[in-house]
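The residues making up each chain are set out below.
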Amino acid sequence: MSLNPRLVKESFSVVEPQAAKATAYFYGRLFAESPHLRGMFPPAMDIQRDRLFSALTRIVWSVDSPDGMAAYLGQLGRDHRKYGVVADHYTAVGNALLATIRRFAADVWTDEIEAAWVSAFAAAADAMIRSAEQDAGVSPAWWLAEVVDHEPRHRDIAVLTLRPTQQLPYTPGQYVNVQTARWPRVWRTFSIANAPRPDNTIRLHVRAVPGGWVSTALARHTRIGDTVMLGPPMGTMAPRENSERDVLCVAGGTGLAPLKAIIEGIIDSGRRPNIHLLYGARTADELYDLPDLIRMESSFPWLRVLPVVSDEPSYDGMRGHLPEVTQRFHSWAEHDVYVCGPTSMVNETVRRLQSDGVPLSRIHRDVVPDERAV
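Everything numeric in this text was worked out from a predicted model, so none of it was measured. (Residues numbered from 1 in each chain as written. Predicted model: local features only at pLDDT ≥ 70, side-chain atom pairs only at ≥ 80, totals over all residues. Heavy atoms only, no water.)

**Student:** I keep staring at the overall build of the chain and nothing clicks. Help me out?
**Tutor:** Counting its secondary structure elements, the chain contains 11 helices and 12 strands. In terms of C-alpha radius of gyration, the chain reaches 21 Å, essentially the compact-globule figure of 21 Å for 374 residues. Taking the principal axes of the C-alpha coordinates as reference, the chain spans close to 65 × 50 × 40 Å. Sequence-distant contacts, at least 24 apart, represent 73% of the contacts inside the chain between residues at least 6 apart. For the chain, the exposed area adds up to about 16800 Å²; of that, 52% sits on carbon and sulfur atoms. Charge-centre separation for the chain: the mean point of 40 positive side chains lies 3 Å from the mean point of 43 negative side chains. (Helix = DSSP H or I, 4+ residues; strand = E, 2+ residues; numbered from the N terminus. Rg over C-alpha atoms; globule rule 2.2 N^0.38 Å. Contact = heavy atoms within 4.5 Å. Areas by Shrake-Rupley, 256 points an atom, 1.4 Å probe, with all protein chains shown as cover. Lys, Arg positive; Asp, Glu negative; His and termini not counted. Charge placed at Lys NZ, Arg CZ, Asp CG, Glu CD.)

What follows is the structure, encoded as structure tokens:
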């Protein structure tokens with residue numbers, strides 16, 4: 001049975017406008033046919049539904065890009081280990097997924113489309129199972145980590161320092177899923193805010209999101225000495241190795257975290273590119289990490305930190321919204337660019353950079369469905 005990316009994409013485009021109904025149907029079908037799987041999921045399923053559809057969308061639209069899809073599926077397979085997922089579970093998921101696509105793409109459904117989806121899911125499942133099996137021999141399914149520091153930086157923002165009990169290998173720019181004792185089976189995603197350190201500690205920048213179970217627990221209720229669980233590091237927004245280009249980083253709110261790690265990684269590598277960091281927030285007091293960034297700037301003369309405030313007319317510094325501010329400078333067309341922050345800011349920044357001549361291949365971002373609102 002051969003993979004047919006065109007049929008998969010065309011039929012999925014019919015399902016996409018019905019995302020909410022389709023994901024609800026998928027989980028209803030999955031739990032009706034395999035009720036024992038319900039205990040693997042959190043009590044509230046709203047964010048889980050968003051995550052499912054986001055992952056499915058990413059897989060479908062990269063189905064004809066084998067290298068990119070293989071890397072993403074490998075990460076998913078390793079990450080699913082923390083839920084207790086085993087190979088047999090993929091059969092139940094595949095049956096529910098096929099039933100869902102068949103129902104919501106009924107107007108265009110054919111035997112050929114069904115065969116294409118069966119083939120595509122089999123290939124994806126095999127890749128995830130193979131990755132999980134390979135990872136099982138060398139890494140834990142999840143890591144325990146002790147909170148060794150907790151710094152309130154703003155009324156809604158805290159910086160946490162964690163020390164995993166086992167070595168946690170990652171690259172700058174990656175993120176981890178976090179579970180707290182207060183909310184078992186509820187995992188939320190946070191970027192690691194530092195390059196790897198000899199003492200194995202990592203930092204998380206956490207904004208307490210209204211209604212955010214894990215973010216609020218971490219920012220407001222977690223104390224030094226508490227223990228959290230971490231999933232395996234994920235994400236592909238890593239610094240370009242051997243690149244000789246200068247670097248632009250555009251960070252909105254706690255989207256600073258992975259970009260700070262990337263800057264640290266570049267500094268640790270011994271490279272000496274010019275680095276511009278545009279660091280934006282609504283008000284000056286939300287520039288929660290500015291003192292540390294200034295210290296970095298003073299010790300690394302190739303780094304220039306440019307704070308930007310959007311909603312405080314009296315601010316004595318650069319004012320404006322980050323996407324527009326990027327256009328106040330010379331061309332960034334020859335730079336490697338990293339962007340992280342609120343989705344709307346990231347999308348608009350990428351659009352403007354492209355229109356100003358920055359090739360999309362040099363613009364790096366990660367699309368992460370999570371509670372890490374910035």
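On we go from here.
**Student:** Looking at this structure, how should I read the packing of aromatic side chains?
**Tutor:** What describes a pair of aromatic rings is the distance from one ring centre to the other and the angle between the planes of the rings. Applying the stated criterion across every chain yields a total of 10 aromatic pairs. When the ring of Y25 is compared with that of F104, the centres are 5.8 Å apart and the planes differ by 75 degrees; the resulting orientation is edge-to-face. Here Y25, found in helix α2 (residues 19–33), pairs with F104, found in helix α5 (residues 89–104); they are 79 residues apart in sequence, far enough to count as distant. Residue Y25 is classed as partly exposed on the basis of its relative accessible area, which comes to 21%. Centroid distance Y279 to Y288: 6.3 Å. Interplanar angle 85 degrees. Geometry classified as edge-to-face. You'll find Y279 and Y288 in the same group, each marked buried. We note K82 situated over the ring of W187; from NZ or CZ to the ring centre the distance is 5.0 Å. The ring centre of F104 lies 5.9 Å from the NZ or CZ of R103, which sits over that ring. (Phe/Tyr/Trp six-rings, centres within 6.5 Å; stacked < 30°, edge-to-face > 60°. Buried < 20%, exposed > 50% of the residue type's maximum accessible area, 1.4 Å probe, protein only. Lys NZ or Arg CZ within 6 Å of the ring centre and 35° of its normal.)

**Student:** Where do I start with the sheet that holds strand β12 (residues 363–364) in this structure?
**Tutor:** Pairing between the strands of a sheet comes from backbone hydrogen bonds, and it takes one of two forms, parallel or antiparallel. Strand order in the open sheet formed by 6 strands is β10-β9-β8-β7-β11-β12, and the pairing between neighbours is parallel. What marks the edges here is a single partner per strand, and that holds for β10 (318–319) and β12. Taken strand by strand, helix α9 (residues 290–299) contacts β8 (275–281) and β9 (303–309), and its axis lies near 155 degrees from that of β9. Most of the contacts of helix α11 (residues 343–355) go to strand β11 (residues 336–340), to which it runs at about 160 degrees, and overall it touches β7 (247–252), β11 and β12. (Pairing = 2+ DSSP bridges. Axes fitted to C-alpha atoms, helices over the stretch in contact; angles between N-to-C directions.)

**Student:** What am I meant to see in the pairing of strand β2 (residues 157–164) here?
**Tutor:** A regular strand places its side chains on the two faces of the sheet in alternate fashion. In terms of burial, β2 is largely enclosed, as 7 of its 8 residues are buried. Sheet topology note: the strand β1 (residues 143–154)/β2 ladder contains 8 bridges and is antiparallel. Counterpart to H150 in the pairing with β2 is L160. Connecting β1 to the next strand, β2, in antiparallel fashion are 2 residues. Direction of pairing for β2 relative to strand β5 (residues 202–207): antiparallel, over a ladder of 6 bridges.

**Student:** Looking at this model, I keep getting lost on the side chain of T189. Mind explaining?
**Tutor:** Within the fold, T189 resides in strand β4 (residues 188–191). Among the residues examined, T189 registers a relative accessible area of 3% and is labelled buried. Of note is the side chain of T189, whose polar atom sits 2.7 Å from the side chain of N177. (Polar contact = N/O pair within 3.5 Å; in protein donor to acceptor, adjacent residues only side chain to side chain.)

**Student:** Got a minute to help me understand the nonpolar core in this structure?
**Tutor:** Side chains of nonpolar character tend, in soluble globular proteins, to be buried together. In this structure, F12, V15, L30 and W117 are the most contacted members of the largest nonpolar core, which totals 28 residues. At 6 residues, the largest contribution of residues to this core is made by α5. Counting 27 residues, the second-largest nonpolar core is a separate cluster that includes A251, L277, Y279 and Y338. (Core = buried A, V, L, I, M, F, W, Y, C linked by side-chain atoms within 4.5 Å.)

**Student:** Sorry, what's going on with helix α8 (residues 256–269) here?
**Tutor:** It helps to recall that an α-helix has 3.6 residues per turn; residues three or four apart then point in one direction. Compared with the 20 Å implied by 1.5 Å per residue over 14 residues, the 20 Å span of α8 between its first and last C-alpha is a close match. The element α8 is extensively covered by neighbouring structure, given that 11 of its 14 residues are classed as buried. Those residues of α8 lying buried are L256, A257, P258, L259, K260, A261, I262, I263, E264, G265 and I266. (Expected span 1.5 Å × (residues − 1).)

**Student:** Is there a simple way to think about α5 in this case?
**Tutor:** With 16 residues, α5 extends 23 Å from end C-alpha to end C-alpha; this agrees with the ideal 22 Å at 1.5 Å per step. In this structure, the buried side of α5 is in contact with α1 (5–15), α2, α3 (46–61), α4 (66–80) and α6 (111–136).

**Student:** How do you make sense of the pattern of salt bridges when you look at a structure like this?
**Tutor:** When the charged atoms of two side chains lie near each other, side chains of opposite charge can form a pair. Following the criterion strictly, the structure yields 20 salt bridges and no others. The partner of D156 in a salt bridge is R220, and the shortest N-O contact between them spans 2.7 Å. Taken together, the residues span a long stretch of sequence, with D156 in the loop between β1 and β2 and R220 in helix α7 (residues 213–221) at a distance of 64 residues. A relative accessible area of 40% means that R220 is categorised as partly exposed. The partner of E286 in a salt bridge is R282, with the nearest N and O atoms 3.0 Å apart. E286 gets classed as buried once you look at its relative accessible area, which sits at 5%. The partly exposed category is assigned to R282, whose relative accessible area is 41%. (Salt bridge = Lys/Arg side-chain N within 4 Å of Asp/Glu carboxyl O.)

**Student:** I keep staring at the packing of α3 against α4 and nothing clicks. Help me out?
**Tutor:** Angle between the axes and distance between the axes are the two parameters that describe a pair of packed helices. Taken N-terminus to C-terminus, the directions of α3 and α4 make an angle of 150 degrees; their axes are 9 Å apart at the nearest point. When the axes of α3 and α4 are compared, the pair comes out roughly antiparallel. The chirality of how α3 crosses α4 is left-handed. Contacts between α3 and α4 pair A55, R58 and I59 from the former with M69, Y72, L73 and L76 from the latter. In terms of residue class, the contact of α3 with α4 is built from 6 nonpolar, no polar and 1 charged. (Parallel < 35°, antiparallel > 145°, perpendicular 65-115°, else oblique. Left-handed = near helix turned anticlockwise from the far one by under 90°. Nonpolar A, V, L, I, M, F, W, Y, C, P; charged D, E, K, R; others polar.)

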